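A structural walkthrough
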Amino acid sequence: MTIRFIHAADLHLGSPFKGFAGLPGKMAEAVRESTFTAFRNMINYAAGTRPDFLLIAGDVYDGEDRSLRAQEQFRQGMETLREAGVPVFVSHGNHDHLAGSWVRFTLPENVRVFGPEVETAELTVRGTTVKIHGFSYPERHVTEPVIRHYPEAEGEAVEIGMLHGSIRGDEAHDVYAPFSKDELLGKGYDYWALGHIHKRQVLHEQPPIVYPGSLQGLHRKESGVKGFYDVTVAQGAAALEFVPAGALVFGKAEVDCRGIRHADEWLDRCMDRIRAFREANGPGLLDLGLTGIDEESDALFGEAPESEWMEFIREAAMRDCPDVGIHRITWERAAVPAVPGGLFRDVLDELEGWDKDGWKSRLSDLYGHRQAYRFTGRLDEESIREIREEAERLLTDGLMKGGRAE
Ligand SMILES: [Mn+2]
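Numbering of residues starts from 1 in every chain and runs along the sequence as written. The model is predicted, so local features are restricted to residues of pLDDT at least 70 and side-chain atom pairs to those at 80 or more, both for listing and for counting; the totals for chains, interfaces and linings are taken over all residues. Based on all heavy atoms of the structure, the side-chain values leave hydrogens and waters out of the count.

Attention shifts here to the confidence of the model for the chain. Per residue, pLDDT captures the predictor's confidence, and it can take any value from 0 to 100. This prediction gives the chain a mean pLDDT of 88; 91% of its residues lie at or above 70. A contact between two residues is defined here by any heavy atoms of the two lying within 4.5 Å. The low-confidence segment residues 401-406 (pLDDT under 50) makes 15 contacts with residues lying over four places distant or belonging to another chain.

This is the structure in structure tokens:
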């Protein structure tokens, strides 16, 4: 007896994609549409291959206000699956919790949305009972270990847990509905369909405990190919197949600038990397990291403002690989060049001296701001490192050499 289902999470339909305004028109449009395109890719796959059911483990929508357009697109997708005879089980997460204010749409009868308390949905697949346990976030911050309310498996049924949350003590993410791997295994289920962490990962093989990751990368840190899992459960063993669905892939390529003397040489090297990225990933958004900057190439880059280099490469990319957008260029110069003593050195030392809490308290006005938060993302170790590097770069390149800061 084999059961086959699709496990997706973190669709974030209608994600606003701030910070992409500089991309050429068509590309900016593709970015704004990408969560919807990825969603349609998944729906088409499901309608074409007709799994026994589909699970969406939270964050269907990007915002608690669930735009009308996002809801209408979702409803249409669900309608397509109703026609294909595919039941859908949805648990809402911290981004699309039930307390948000939104205009409600009626969903077709093949869709079951879990309520605010853990509940069990049952269906029969070719004579086998399947029990699916889950809940939707009643509000944004669910810090309670909801795992305690999931029932233990019993009898012959295939049992699946849906849970939007993260492992207790995970420093890098907001910890919602915390759980430990042992607590999940202790329930005796055949599969755990998790959501919330946007990086795809299998926490346990048999029975599988799985984050499918976001369906579409939402910013440059969500790099690589995104999609969902096509899962087969047979006699206590499960098989997972990852299926790509994202419309655009976020990536980074390093361009070695050693020995570059002229702008056209730089362009050629960049285009080689852009074409290689296109070949490997299809359409996407690429960060170029310029490495191996020697004295001569540094002098070359100094002859035009950074914005002009960006324009130059974006135009070339548009001619040759029109579906790859250049998102950022970073000049990765050797740490901090020999800086004379005095004010700059003092400021740089001061920056180096701040720990994570130091940065947090200094940036709290911005990162703690209710509105700004949507655009800044999370202040984690990596963003702190980036802000520090950017500050150092502005000081050393911009102020000291003069005129390079944008
Ligand atoms: Mn999410």
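Attention now moves to the sheet that holds strand β5 (residues 119-125). Hydrogen bonds between backbone groups are what pair the strands of a sheet, and the pairing can be parallel or antiparallel. Here a strand pair is declared whenever DSSP counts at least two bridges between the two strands. The numbering of helices and of strands both runs from the N terminus, where a helix is a DSSP run of H or I of at least 4 residues and a strand a run of E of at least 2. The six strands are arranged β5-β6-β7-β8-β10-β9 in an open sheet whose pairing can be described as mixed. Each having just a single partner strand, β5 and β9 (201-204) make up the two edges of the open sheet. Averaged over all pairs of adjacent strands, the angle between their axes in this sheet comes to 20°, without regard to strand direction. Examined bridge by bridge, strand β7 (residues 158-164) and strand β8 (residues 191-195) share five bridges and lie parallel to one another. By the bridge assignment, His164 is partnered in β8 with Gly195. Axis geometry follows a simple rule: fit a line to the C-alpha atoms, using only the stretch in contact for helices, then measure angles between N-to-C directions, giving values from 0 to 180 degrees.

With that settled, the discussion passes to the environment of Asp268. Along the polypeptide, Asp268 turns up in helix α4 (residues 263-281). Residues Asp268 and Ile313, spaced 45 residues apart in sequence, show a C-alpha to C-alpha distance of 9.8 Å.

We now examine the pattern of salt bridges. Salt bridge criterion: a side-chain nitrogen from Lys or Arg within 4 Å of a carboxyl oxygen from Asp or Glu. Under the counting rule described, the total for this entry stands at 17 salt bridges. Of the charged contacts in the structure, one is a salt bridge between Glu119 and Arg112, with a shortest N-O distance of 3.2 Å. By sharing partners, the salt bridges in this structure join Asp272, Arg275 and Asp320 into a single network.

Residue placement: Ala391 occurs in helix α11 (residues 381-401). Working definition: with a 1.4 Å probe on protein chains only, accessible area under 20% of the residue-type maximum means buried, over 50% means exposed, and in between means partly exposed. For Ala391, a relative accessible area of 23% puts it in the partly exposed group. Residues Ala391 and Val347, spaced 44 residues apart in sequence, show a C-alpha to C-alpha distance of 10.0 Å.

Quick look at the UniProt feature "domain: Calcineurin-like phosphoesterase" (unreviewed entry) in the chain now. UniProt positions are given in the numbering used here, feature names are shortened, and annotations may be inferred rather than shown by experiment. In the numbering used here, UniProt assigns the feature "domain: Calcineurin-like phosphoesterase" (unreviewed entry) to residues 3-199. Secondary structure over residues 3-199 splits into 24% helix and 22% strand, and the C-alpha atoms at its two ends are 26 Å apart.

Locating Thr291 in the fold gives a position in strand β14 (residues 284-291). Looking at Thr291, the relative accessible area reads 15%, which means it is buried. Filtering out sequence-adjacent residues up to four positions away, Thr291 remains in contact with Glu254, Val255, Asp256, Cys257, Arg258 and Glu332.

To continue, consider the pairing of strand β2 (residues 53-57). In terms of burial, β2 is largely enclosed, as five of its five residues are buried. Judged by which residues are buried, β2 turns out to be covered on both faces: Phe53, Leu55 and Ala57 on one side and Leu54 and Ile56 on the other are all buried. Relative to β2, strand β1 (residues 2-8) runs parallel, the two being bridged by four bridges. By the bridge assignment for β2, His7 is matched with Leu55. The handedness rule is simple: strands pointing away from the viewer, and a clockwise path from the first strand over the helix to the second, make the crossover right-handed. This β-α-β element, β1 to helix α1 (residues 25-49) to β2, shows right-handed connectivity. The pairing of β2 with strand β3 (residues 88-91) spans four bridges and is parallel.

Looking along a regular strand, one sees side chains alternate from face to face of the sheet. In this structure, β9 lies alongside strand β10 (residues 209-211), joined through three bridges in antiparallel fashion. Across the sheet, Val202 pairs through a bridge with Val210, a residue of β10.

Attention now moves to α1. Residues that lie three or four places apart on an α-helix share one face, since the helix turns once every 3.6 residues. Multiply 1.5 Å by the residue count of a helix minus one, and that product is the helix's expected span. The end-to-end C-alpha distance of α1 is 35 Å, a good match for the 36 Å that 25 residues give at a rise of 1.5 Å each. Note that the bend at a residue is defined as the angle between axes fitted to the seven residues ending at it and the seven residues starting at it. A maximum bend of about 55° is found in α1 at Ser34. After α1 finishes, the residue Arg50 shows a positive phi value of roughly 45°.

Spatial ordering of the open sheet is given by β4-β3-β2-β1-β11-β12, a layout of six strands whose pairing is mixed. The strands lining the two open edges of the sheet, one partner per strand, are β4 (111-113) and β12 (237-244). Between one strand and the next, the sheet's axes are offset by a mean angle of 20°, whatever the strand orientation. The strands touched by α1 are β1, β2, β11 (227-234) and β12; relative to β1, the strand with the most contacts, the crossing angle is about 170°. The strands that helix α2 (residues 68-84) touches are β2, β3 and β4; relative to β3, the one it contacts most, it runs at about 150°.

The rule for donors is simple: N, O or S, within 2.8 Å of the metal, or within 3.2 Å if the metal is Na, K or Ca. Water isn't counted, so a site may look like it is missing partners. Here the manganese ion is held by Asp10 (OD), His12 (NE2), Asp59 (OD) and His198 (NE2), and the distances to it run 2.1 to 2.3 Å. Owing to a relative accessible area of 0%, Asp10 belongs among the buried residues under this scheme. Overall, Asp59 belongs to the buried group, its relative accessible area being 1%.

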